[in-house]
Amino acid sequence: MAVLSRIGVALDSELLRRFDRFIARQGYTNRSEAFRDLIRDKLVGAAVEAPDAPVVGTVTLIYDHHTRLLPEKLMNLQHEYHDVVIATTHAHLDHDTCLEVIVLKGTSKRVRRLADLLVGAKGVSHGRLVLSSPAAALSQTA
Ligand code: NI
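Residues numbered from 1 in each chain as written. Predicted model: local features only at pLDDT ≥ 70, side-chain atom pairs only at ≥ 80, totals over all residues. Heavy atoms only, no water.

1. Quick word on the sheet that holds strand E4 (residues 124-132)
Then, in step 1: The strand order E2-E3-E1-E4 describes an open sheet built from four strands, whose pairing is antiparallel. The open sheet has two edge strands, strand E2 (85-92) and E4, and neither has a second partner. Geometrically, the sheet is characterised by an average inter-axis angle of 15 degrees between neighbouring strands, direction not taken into account.
Then, in step 2: Bridge count for strand E1 (residues 54-64) against E4 is eight bridges, and the pairing is antiparallel. For Leu 61, the partnering residue across the bridge sits in E4 and is Gly 127.
Then, in step 3: Running over the sheet, helix H3 (residues 70-80) touches E1, E2, strand E3 (97-107) and E4 and is turned about 170 degrees from E1. (Pairing = 2+ DSSP bridges. Helix = DSSP H or I, 4+ residues; strand = E, 2+ residues; numbered from the N terminus. Axes fitted to C-alpha atoms, helices over the stretch in contact; angles between N-to-C directions. Contact = heavy atoms within 4.5 Å.)

This is the structure in C-alpha coordinates:
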(Lines give C-alpha, C1' and ligand atoms only; values in the text may rest on other atoms or scores of the structure.)
Protein backbone atom coordinates (compact mmCIF):
# COMPACT_ATOMS: atom_id res chain seq x y z
CA MET A 1 0.00 0.00 0.00
CA ALA A 2 1.36 3.39 -1.02
CA VAL A 3 2.05 6.04 1.58
CA LEU A 4 -0.35 8.94 1.13
CA SER A 5 0.97 12.50 0.95
CA ARG A 6 -1.31 15.49 1.39
CA ILE A 7 -0.60 18.55 -0.73
CA GLY A 8 -2.17 21.99 -0.97
CA VAL A 9 -2.82 23.36 -4.44
CA ALA A 10 -3.53 27.03 -5.13
CA LEU A 11 -6.01 27.44 -7.97
CA ASP A 12 -7.84 30.29 -9.59
CA SER A 13 -11.43 30.16 -8.23
CA GLU A 14 -13.01 30.14 -11.68
CA LEU A 15 -10.69 27.34 -12.80
CA LEU A 16 -11.62 25.34 -9.71
CA ARG A 17 -15.36 25.90 -10.39
CA ARG A 18 -14.92 24.67 -13.96
CA PHE A 19 -12.91 21.70 -12.73
CA ASP A 20 -15.61 20.79 -10.19
CA ARG A 21 -18.33 20.95 -12.86
CA PHE A 22 -16.19 18.84 -15.19
CA ILE A 23 -15.47 16.10 -12.65
CA ALA A 24 -19.13 16.06 -11.52
CA ARG A 25 -20.15 15.31 -15.12
CA GLN A 26 -17.52 12.56 -15.18
CA GLY A 27 -19.07 11.01 -12.09
CA TYR A 28 -16.31 11.76 -9.58
CA THR A 29 -17.49 12.18 -6.01
CA ASN A 30 -14.28 13.82 -4.75
CA ARG A 31 -11.49 15.97 -6.15
CA SER A 32 -8.65 13.77 -4.93
CA GLU A 33 -9.63 10.84 -7.13
CA ALA A 34 -10.07 13.17 -10.12
CA PHE A 35 -6.61 14.71 -9.51
CA ARG A 36 -5.03 11.26 -9.19
CA ASP A 37 -6.57 10.12 -12.49
CA LEU A 38 -5.48 13.28 -14.31
CA ILE A 39 -1.93 12.89 -13.02
CA ARG A 40 -1.83 9.20 -13.99
CA ASP A 41 -3.16 10.04 -17.44
CA LYS A 42 -0.37 12.59 -17.95
CA LEU A 43 2.29 10.17 -16.68
CA VAL A 44 1.03 7.39 -18.95
CA GLY A 45 0.92 9.82 -21.88
CA ALA A 46 4.54 10.77 -21.27
CA ALA A 47 5.66 7.16 -20.71
CA VAL A 48 4.29 5.91 -24.04
CA GLU A 49 6.10 8.65 -25.98
CA ALA A 50 9.50 6.95 -25.81
CA PRO A 51 9.95 4.80 -28.96
CA ASP A 52 11.22 1.77 -27.02
CA ALA A 53 8.68 2.02 -24.17
CA PRO A 54 6.62 -1.14 -23.62
CA VAL A 55 2.98 -0.27 -24.28
CA VAL A 56 -0.42 -1.87 -24.69
CA GLY A 57 -3.10 -0.42 -26.90
CA THR A 58 -6.20 -0.81 -28.98
CA VAL A 59 -6.87 0.31 -32.53
CA THR A 60 -10.51 0.83 -33.44
CA LEU A 61 -11.35 0.79 -37.15
CA ILE A 62 -14.57 1.52 -39.00
CA TYR A 63 -14.73 0.50 -42.65
CA ASP A 64 -16.89 -0.75 -45.49
CA HIS A 65 -15.87 -4.34 -46.16
CA HIS A 66 -16.87 -3.96 -49.83
CA THR A 67 -13.93 -1.61 -50.36
CA ARG A 68 -11.77 -3.42 -52.86
CA LEU A 69 -8.91 -5.38 -51.25
CA LEU A 70 -9.33 -3.59 -47.88
CA PRO A 71 -10.20 -6.64 -45.70
CA GLU A 72 -7.22 -8.49 -47.21
CA LYS A 73 -4.93 -5.53 -46.63
CA LEU A 74 -5.97 -5.19 -42.96
CA MET A 75 -5.49 -8.94 -42.46
CA ASN A 76 -2.08 -8.97 -44.17
CA LEU A 77 -0.84 -6.06 -42.04
CA GLN A 78 -1.85 -7.87 -38.86
CA HIS A 79 0.03 -10.99 -39.97
CA GLU A 80 3.06 -8.91 -40.88
CA TYR A 81 3.03 -7.42 -37.36
CA HIS A 82 1.89 -10.63 -35.61
CA ASP A 83 4.49 -10.06 -32.88
CA VAL A 84 2.47 -7.10 -31.53
CA VAL A 85 -1.09 -8.27 -32.31
CA ILE A 86 -2.68 -10.01 -29.30
CA ALA A 87 -6.31 -10.27 -30.44
CA THR A 88 -8.80 -8.93 -32.94
CA THR A 89 -12.54 -8.46 -32.50
CA HIS A 90 -14.75 -7.93 -35.52
CA ALA A 91 -18.38 -6.80 -35.43
CA HIS A 92 -20.63 -6.49 -38.50
CA LEU A 93 -22.48 -3.25 -37.72
CA ASP A 94 -24.81 -3.45 -40.72
CA HIS A 95 -24.85 -4.84 -44.27
CA ASP A 96 -21.78 -2.81 -45.28
CA THR A 97 -20.03 -1.49 -42.19
CA CYS A 98 -17.50 -3.30 -40.03
CA LEU A 99 -16.07 -2.36 -36.64
CA GLU A 100 -12.74 -3.92 -35.76
CA VAL A 101 -10.85 -3.58 -32.48
CA ILE A 102 -7.27 -4.83 -32.46
CA VAL A 103 -5.44 -5.33 -29.17
CA LEU A 104 -1.73 -4.59 -29.38
CA LYS A 105 1.28 -5.04 -27.12
CA GLY A 106 4.90 -4.16 -27.88
CA THR A 107 7.25 -1.23 -28.16
CA SER A 108 5.62 2.15 -28.64
CA LYS A 109 7.32 2.60 -32.00
CA ARG A 110 6.17 -0.72 -33.48
CA VAL A 111 2.62 -0.48 -32.11
CA ARG A 112 2.27 3.07 -33.50
CA ARG A 113 3.67 2.01 -36.86
CA LEU A 114 1.09 -0.74 -37.27
CA ALA A 115 -1.70 1.56 -36.03
CA ASP A 116 -0.71 4.21 -38.58
CA LEU A 117 -0.79 1.67 -41.39
CA LEU A 118 -4.20 0.31 -40.32
CA VAL A 119 -5.85 3.69 -39.73
CA GLY A 120 -4.32 5.10 -42.91
CA ALA A 121 -5.40 2.19 -45.12
CA LYS A 122 -7.49 3.42 -48.05
CA GLY A 123 -11.15 2.85 -47.24
CA VAL A 124 -10.91 3.01 -43.44
CA SER A 125 -13.45 5.74 -42.68
CA HIS A 126 -12.45 6.24 -39.04
CA GLY A 127 -9.69 4.86 -36.89
CA ARG A 128 -8.03 5.65 -33.61
CA LEU A 129 -5.21 4.27 -31.48
CA VAL A 130 -5.44 4.39 -27.68
CA LEU A 131 -2.18 3.64 -25.87
CA SER A 132 -1.53 2.81 -22.26
CA SER A 133 1.32 1.73 -20.07
CA PRO A 134 0.24 -0.43 -17.16
CA ALA A 135 3.67 0.00 -15.58
CA ALA A 136 3.42 3.79 -15.65
CA ALA A 137 -0.20 3.76 -14.46
CA LEU A 138 0.56 1.56 -11.47
CA SER A 139 4.06 2.72 -10.59
CA GLN A 140 4.44 4.56 -7.29
CA THR A 141 7.45 6.47 -8.57
CA ALA A 142 6.77 7.08 -12.29
NI1 NI B 1 -17.88 -7.16 -40.95
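There is more to say, and it comes next.
2. Some details on the coordination of the nickel ion
Then, in step 1: Around the nickel ion, the donor atoms from the protein are His 90 (NE2), His 92 (ND1) and Cys 98 (SG), and they sit 2.1 to 2.4 Å away.
Then, in step 2: Expressed as a motif, the donor residue spacing for the nickel ion is H-x1-H-x5-C. (Donors = N, O, S within 2.8 Å, 3.2 Å for Na, K, Ca; no water.)

3. Digging into the pairing of E1
Then, in step 1: Here E1 shows a buried face lined by Val 55, Gly 57, Val 59, Leu 61 and Tyr 63 and an unburied face lined by Pro 54, Val 56, Thr 58, Thr 60, Ile 62 and Asp 64.
Then, in step 2: Sheet topology places E1 next to E3; 11 bridges connect them, and they run antiparallel. In the sheet register, Thr 60 faces E3, and the bridge partner there is Val 101. (Buried < 20%, exposed > 50% of the residue type's maximum accessible area, 1.4 Å probe, protein only.)

4. A word on the side chain of Glu 100
Then, in step 1: Tracing the backbone shows Glu 100 in strand E3.
Then, in step 2: Of the side chains with opposite charge, Lys 73 lies nearest to the buried Glu 100, which makes no salt bridge, at 14 Å.
Then, in step 3: A polar side-chain atom of Glu 100 sits 2.6 Å from a polar atom in the side chain of Tyr 63.
Then, in step 4: Among all residues touching Glu 100, those that are not within four sequence positions of it are Val 59, Thr 60, Leu 61, Tyr 63, Gln 78, Thr 88, Thr 89 and His 90. (Lys, Arg positive; Asp, Glu negative; His and termini not counted. Salt bridge = Lys/Arg side-chain N within 4 Å of Asp/Glu carboxyl O. Polar contact = N/O pair within 3.5 Å; in protein donor to acceptor, adjacent residues only side chain to side chain.)

5. Quick word on the packing of aromatic side chains
Then, in step 1: The tally for this structure, following the rule as stated, stands at one aromatic pair.
Then, in step 2: Their ring planes at 25 degrees and their centres at 4.9 Å tell us that Phe 19 and Phe 35 sit as a pair that is stacked. Here the residue Phe 19 occupies a position in helix H1 (residues 13-26), and Phe 35 occupies one in helix H2 (residues 31-47), the gap between them amounting to 16 residues.
Then, in step 3: With a relative accessible area of 14%, Phe 19 lands in the buried category. (Phe/Tyr/Trp six-rings, centres within 6.5 Å; stacked < 30°, edge-to-face > 60°.)

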